[in-house]
Amino acid sequence: MAKPVSIEVWNPNGKYRVVSTKSMPGTRWIRLLTDQDCRVEICTDKKTILSVEDILALIGDKCDGVIGQLTEDWGEVLFSALKRAGGKAFSNMAVGYNNVDVGAANKYGIAVGNTPGVLTETTAELAASLSLAASRRIVEADQFMRAGLYDGWLPHLFVGNLLKGQTVGVIGAGRIGSAYARMMIEGFKMNLIYYDLYQATRLEKFVTAYGQFLKANGEQPVTWKRAATMEDVLREADVISLHPVLDKTTYHLINKERLAIMKKEAILVNASRGPVIDEAALVEHLKQNPMFRVGLDVFEEEPFMKPGLADQENAVVVPHIASASKWTREGMATLAALNVLGKIKGYPIWSDPNRAEPFLNENSVPPAACPSIVNAKEIGLSKL
Ligand SMILES: NC(=O)C1=CN([C@@H]2O[C@H](COP(=O)(O)OP(=O)(O)OC[C@H]3O[C@@H](n4cnc5c(N)ncnc54)[C@H](O)[C@@H]3O)[C@@H](O)[C@H]2O)C=CC1
Ligand SMILES: O=C(O)C(=O)CO
């Protein structure tokens, strides 16, 4: 028997029961649901990561849809329970959905939503922040100041890496990887080398045009290269940022052997998913190579860090905050709620999930569509 959980209820007489496993930023998402006859139940349990058992208790006997989080394990058990409760939709409040067994959702005809189109720039900005923090040793220097150790300017004090004219490497040049690349190229005039399964045509065109602009203004033009192998990126780049999806092809993409081919003074940034890096191998590499630095937003077994990582001065670590700007988090909540609402109402799927603005405008009624359903085709949903 599942244990009871604490909840906050909005619009108790609403026809459709929608559960959110967490309180989410803003109130627009709640209003959009209650205006459409939904009773919204928000889990207020203090526990950060809910277990499958906790979520079973939240689903209960009647539930039309659930908005959930990337920390939850959405598989056979939860999708079968949601189906039994009359549920039609689940949406992650995230773009990544490696925590969801989409095959299990397909089996029960449940739509799985995610939230692209609102977190690309915010996430890329955090990756850029980590690149700067690691290359200019910001956290080490901050700790030094606070410890009262600064007793005057010195030629060797916290010497780091210059970015201008160096090479930025991007692994996974999709939405976020491409936005990050542009920031580093425009901001610091870095050259690009990238590896992706697909050609990043728009990014290539941008770098070509920007290079021509710089040249026309008498500056050194920037260049781009699509690498044939990931190893080429690792060997050539001075700063490498990881932005692929997490699946079995990207699990431990960065391992002991691949760390060994990177430059001794390279910067490695990860704001994708923790298991893309073999974190134990990374800790060893950091110990052996004090001038190699990392900026990490994500960890292999969140919320934990592998033993030794916290002791490494050449690591900057933050708690999975890459999408944490107010606009983005409120937007993610809105998109997740509209995914669930749209499926309950039988709306079609929005034609371009990356073009989320019409759903995010506070001053207008959002389109009658589900913003982004990843298994639309598999469960036979039509596009607008
Ligand atoms: N740290 C955080 O808070 C956040 C993390 N993320 C993570 O970032 C990931 C990427 O997000 P988007 O850019 O929106 O997704 P996207 O789908 O636009 O880009 C992912 C790219 O990875 C590429 N890729 C897939 N397998 C690959 C492989 N084996 N080697 C190289 N490239 C490969 C794809 O072709 C695609 O271009 C999400 O799946 C999520 O896990 C996303 C948002 C925030
Ligand atoms: O959207 C995602 O995938 C996240 O990691 C949330 O920040």
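The shown structure was predicted, so the numbers you read here are calculated from the model rather than taken from an experiment. Numbering of residues starts from 1 in every chain and runs along the sequence as written. Whichever chain is written first is A, and whichever ligand is written first is 1; the rest continue in order. Totals for whole chains, interfaces and linings use every residue, but because this is a predicted model, local features are given only for residues with pLDDT of at least 70 and side-chain atom pairs only at 80 or more, for both listing and counting. Only hydrogens and water are removed before side-chain values are computed, so all heavy atoms of the structure are retained for them.

Attention shifts here to helix α7 (residues 175–188). The α-helix advances 3.6 residues per turn, and as a result positions three or four apart in sequence lie on the same side. With 14 residues, α7 extends 20 Å from end C-alpha to end C-alpha; this agrees with the ideal 20 Å at 1.5 Å per step. To sort residues, take the accessible area from a 1.4 Å probe on protein chains only and compare it with the maximum for the residue type: under 20% means buried, over 50% means exposed, and anything in between is partly exposed. Secondary structure counts use DSSP, requiring at least four H or I residues in a row for a helix and at least two E residues in a row for a strand, with both numbered from the N terminus. Looking only at α7, the buried set comprises I176, G177, S178, A179, Y180, A181, M183, M184 and I185. On its buried face, α7 is in contact with α5 (120–135), β7 (167–171), β8 (191–195), α8 (201–216) and β10 (239–242). Following α7 by one or two positions, K189 adopts a phi angle in the positive range, close to 55°. Every helix has an expected span of 1.5 Å times one less than the residues it contains. Residue contacts are counted whenever heavy atoms from the two residues lie within 4.5 Å of one another.

Whether a residue is near a molecule or strand depends on its heavy atoms: it is near if one of them lies within 4 Å of it. Taken together, L70, A94, V95, G96, L119, R273, H320, S323 and M332 make up all the residues around ligand 2. Between R273 and ligand 2, the recorded distance is 2.7 Å, taken from a side-chain N or O atom to an oxygen atom. We define a polar contact as two N or O atoms separated by no more than 3.5 Å, with the added condition that, inside protein, one atom must be a possible hydrogen donor and the other a possible acceptor, whereas residues neighbouring each other in sequence contribute only through side-chain atom pairs. A distance of 2.6 Å separates an oxygen atom of ligand 2 from a polar side-chain atom of S323. Charged means Asp, Glu, Lys or Arg here, nonpolar means Ala, Val, Leu, Ile, Met, Phe, Trp, Tyr, Cys or Pro, and polar covers whatever is left, Gly included. Its residues assigned to classes, the shell around ligand 2 shows 5 nonpolar, 3 polar and 1 charged.

This paragraph deals with the side chain of K343. Locating K343 in the fold gives a position in helix α12 (residues 326–345). D64 provides the closest opposite charge to the buried, unpaired K343, separated from it by 10 Å. Apart from the residues within four sequence positions on either side, K343 is in contact with K88, A89, G109, A111, C370, I379 and L381. Under the convention used here, Asp and Glu are negative, Lys and Arg are positive, and both His and the chain ends fall outside the count. The term salt bridge refers to a side-chain nitrogen of Lys or Arg lying within 4 Å of a carboxyl oxygen of Asp or Glu.

In the region of ligand 1, 25 residues are neighbours, and R175, I176, D196, A271 and D297 sit closest. Separating an oxygen atom of ligand 1 from a side-chain N or O atom of D196 is a distance of 2.6 Å. Protein coverage of the free-state accessible area of ligand 1, which is 870 Å², stands at 89%. Considering only residue class, the shell around ligand 1 consists of 11 nonpolar, 10 polar and 4 charged. Computed with a 1.4 Å probe, the accessible areas rest on the Shrake-Rupley method; for each residue, only the protein chains presented here act as cover.

A few words now on the UniProt feature "domain: D-isomer specific 2-hydroxyacid dehydrogenase NAD-binding" (unreviewed entry) in the chain. UniProt positions are given in the numbering used here, feature names are shortened, and annotations may be inferred rather than shown by experiment. Within this numbering scheme, the UniProt entry marks residues 130–322 as carrying the feature "domain: D-isomer specific 2-hydroxyacid dehydrogenase NAD-binding" (unreviewed entry). Secondary structure across residues 130–322 divides into 35% helix and 15% strand, with the first and last C-alpha atoms of the span separated by 10 Å.

What the rule picks out here adds up to 16 salt bridges. Among the salt bridges present, the one from E41 reaches R39, with a minimum N-O distance of 2.7 Å. In this structure R39 comes out as partly exposed when scored by relative accessible area, which is 23%. The residue K326 makes a salt bridge to E330 at a minimum N-O spacing of 3.2 Å. With K326 and E330 both in helix α12 and 4 residues apart, this pair spans about one turn of that helix. If you follow the salt bridges from partner to partner, you end up with R17, R39 and E41 in one network.

Glancing now at the sheet that holds strand β1 (residues 7–10). Here, strands pair whenever DSSP counts at least two bridges between them. The 6 strands are arranged β1-β3-β2-β4-β5-β6 in an open sheet whose pairing can be described as mixed. If you trace the sheet from one side to the other, it starts and ends with β1 and β6 (111–113), each paired once. Averaged over all adjacent pairs, the angle separating strand axes in this sheet is 15°, with direction ignored. As paired elements, strand β2 (residues 16–20) and strand β4 (residues 65–68) share 3 bridges and run parallel to each other. Residue pairing in the sheet places S20 in a bridge with I67 of β4. Relative to the sheet, α12 contacts β2, β3 (38–43), β4, β5 (89–92) and β6, its axis offset from that of β5 by approximately 165°. Interaxial angles span 0 to 180 degrees and are taken between N-to-C directions of axes, which are lines fitted to C-alpha atoms, for helices over the stretch in contact.

Glancing now at the packing of α5 against α7. Relative to each other, α5 and α7 sit at 50°, their axes nearing to 8 Å. As far as their axial angle goes, α7 and α5 are oblique. The chirality of how α5 crosses α7 is right-handed. Between α5 and α7, the residues in contact are T120, E121, T123, A124, E125, A127, A128, S131 and L132 and R175, I176, A179, Y180, M183, M184 and F188, respectively. These descriptions rest on fixed angle ranges, namely under 35 degrees for roughly parallel, over 145 for roughly antiparallel, 65 to 115 for roughly perpendicular, and the rest for oblique. For any pair of crossing helices, the crossing counts as left-handed if the nearer helix is rotated counterclockwise from the farther one by less than a right angle, and right-handed if it is rotated clockwise.

Turning our attention to the sheet that holds strand β12 (residues 293–296). Hydrogen bonds between backbone atoms are what pair the strands of a sheet, whose relative direction is either parallel or antiparallel. Sheet architecture is open: 7 strands sit in the order β9-β8-β7-β10-β11-β12-β13, paired in parallel fashion. Two strands in the sheet have a free side with no partner beyond their single neighbour: β9 (224–226) and β13 (315–317). Strand-to-strand twist in this sheet, taken as the mean axis angle between neighbours without regard to direction, amounts to 15°. With 4 bridges connecting them, strand β11 (residues 267–270) and β12 associate as parallel partners. Counted as the bridge partner of V269 is G295 from β12. Against the sheet, α7 makes contact with β7, β8 and β10, and its axis sits at roughly 175° relative to β7, the strand it touches most. Sheet strands in contact with α8 are β8 and β9, and its direction is about 155° off that of β9.

Aromatic pairs are defined between Phe, Tyr and Trp rings, using the six-membered ring for Trp, whenever the two ring centres lie within 6.5 Å; interplanar angles under 30 degrees are classed as stacked, those over 60 as edge-to-face, and all others as tilted. Under the definition given, this model contains 7 aromatic pairs. Relative to F359, the ring of W350 lies with its centre 4.9 Å away and its plane at 80°, an arrangement referred to as edge-to-face. Judged by its relative accessible area of 9%, W350 falls in the buried class. Classification of F359 by relative accessible area gives buried; the value is 0%. Linked through ring pairs, W74, F79 and F90 together constitute an aromatic cluster.

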